[in-house]
Amino acid sequence: MKSPVIAIGALIVIVGAGVWLFSYQKSQPEPGAPVLHKAPVACAACGKAYITMLGKEPATCYYCQEKAVWHARQCAKCGTIVPVVGGGAPGQAQALTCPKCGGHAFKPVSPEGLEEH
């Protein structure tokens, strides 16, 4: 009498695990696809800097709606936040020039004082 109950219970567990595995696999990004993450960004069109969820670059700007938002870096000399146009390819941050002071040294952007969108 217990044998059919155990078999049905085991079948339910196996089917449930299969459904969960299938849905988990479908929710994962494609191999090589950018993963959404919170990052300091700057818009190359309007110049605004803020924190947002960023995946594929360029992204759409919260303020001007242009597709010109990139990861941001901060000038080590004057503190100006600039977009890393091109998405931060190897050596890209070293090739930046600050539009305000002409400096070439950049550091990661501090989230203090930036709005989050």
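Report follows, based on the coordinates. (Residues numbered from 1 in each chain as written. Predicted model: local features only at pLDDT ≥ 70, side-chain atom pairs only at ≥ 80, totals over all residues. Heavy atoms only, no water.)

A look at the overall build of the protein
Part 1 of the reasoning: Of regular secondary structure, the protein possesses one helix and six strands.
Part 2 of the reasoning: Computed over the C-alpha atoms, the radius of gyration of the protein is 23 Å, more than 25% above the 13 Å expected from 2.2 N^0.38 for a compact globule of 117 residues.
Part 3 of the reasoning: On the principal axes, the C-alpha backbone points of the protein span a range of 85 × 30 × 25 Å.
Part 4 of the reasoning: Per-residue burial over the protein gives 22% buried out of 117 residues.
Part 5 of the reasoning: Counting only contacts in the protein whose residues sit at least 6 apart along the sequence, the fraction spanning at least 24 positions is 40%.
Part 6 of the reasoning: On the protein, roughly 8100 Å² of surface is accessible, and the fraction owed to carbon and sulfur atoms is 63%.
Part 7 of the reasoning: Taken as two groups, the 10 positive and 6 negative side-chain charges of the protein have centres that lie 5 Å from each other. (Helix = DSSP H or I, 4+ residues; strand = E, 2+ residues; numbered from the N terminus. Rg over C-alpha atoms; globule rule 2.2 N^0.38 Å. Buried < 20%, exposed > 50% of the residue type's maximum accessible area, 1.4 Å probe, protein only. Contact = heavy atoms within 4.5 Å. Areas by Shrake-Rupley, 256 points an atom, 1.4 Å probe, with all protein chains shown as cover. Lys, Arg positive; Asp, Glu negative; His and termini not counted. Charge placed at Lys NZ, Arg CZ, Asp CG, Glu CD.)

Notes on the pairing of strand β1 (residues 37-43)
Part 1 of the reasoning: Pairing of β1 with strand β2 (residues 49-54) involves six bridges; the strand directions are antiparallel. Following the sheet pairing, H37 is matched in β2 by L54.
Part 2 of the reasoning: As consecutive antiparallel partners, β1 and β2 are separated by five residues, and within that stretch G47 has a phi angle of approximately 85°, a positive value. (Pairing = 2+ DSSP bridges.)

Section: helix α1 (residues 2-27)
Part 1 of the reasoning: Spanning 26 residues, α1 covers 38 Å between terminal C-alpha atoms, matching the ideal 38 Å at 1.5 Å per step.
Part 2 of the reasoning: The element α1 is barely covered by neighbouring structure, given that only zero of its 26 residues are classed as buried. (Expected span 1.5 Å × (residues − 1).)

A closer look at the packing of aromatic side chains
Part 1 of the reasoning: Tallied over the full model, the rule gives four aromatic pairs.
Part 2 of the reasoning: With centroids separated by 5.6 Å and ring planes inclined at 15°, the aromatic side chains of W20 and Y24 adopt a geometry described as stacked. With W20 and Y24 both in helix α1 and four residues apart, this pair spans about one turn of that helix.
Part 3 of the reasoning: For Y24, a relative accessible area of 42% corresponds to the partly exposed category. (Phe/Tyr/Trp six-rings, centres within 6.5 Å; stacked < 30°, edge-to-face > 60°.)

Observations concerning the nonpolar core
Part 1 of the reasoning: By size, the foremost hydrophobic cluster in this structure holds nine residues: A39, V41, C43, Y50, L54, A59, C61, A68 and V69.
Part 2 of the reasoning: When contributions to this core are tallied by element, the ones reaching two or more residues are β1, β2 and β4 (67-75).
Part 3 of the reasoning: In terms of residue count, β1 provides more of this core than any other element does, three residues in total.
Part 4 of the reasoning: The residues contacting L54, other than those within four sequence positions of it, are V35, L36, H37, A39, V41, A59 and H71.
Part 5 of the reasoning: Among the nonpolar cores identified, the runner-up in size contains six residues, and V82, V84, C98 and F106 belong to it. (Core = buried A, V, L, I, M, F, W, Y, C linked by side-chain atoms within 4.5 Å.)

Observations regarding the side chain of T52
Part 1 of the reasoning: Mapped onto the fold, T52 is located in strand β2.
Part 2 of the reasoning: There is a polar contact of 2.8 Å between the side chain of T52 and the backbone oxygen of H117.
Part 3 of the reasoning: Setting aside residues up to four positions removed in sequence, T52 forms contacts with H37, K38, A39, V41 and H117. (Polar contact = N/O pair within 3.5 Å; in protein donor to acceptor, adjacent residues only side chain to side chain.)

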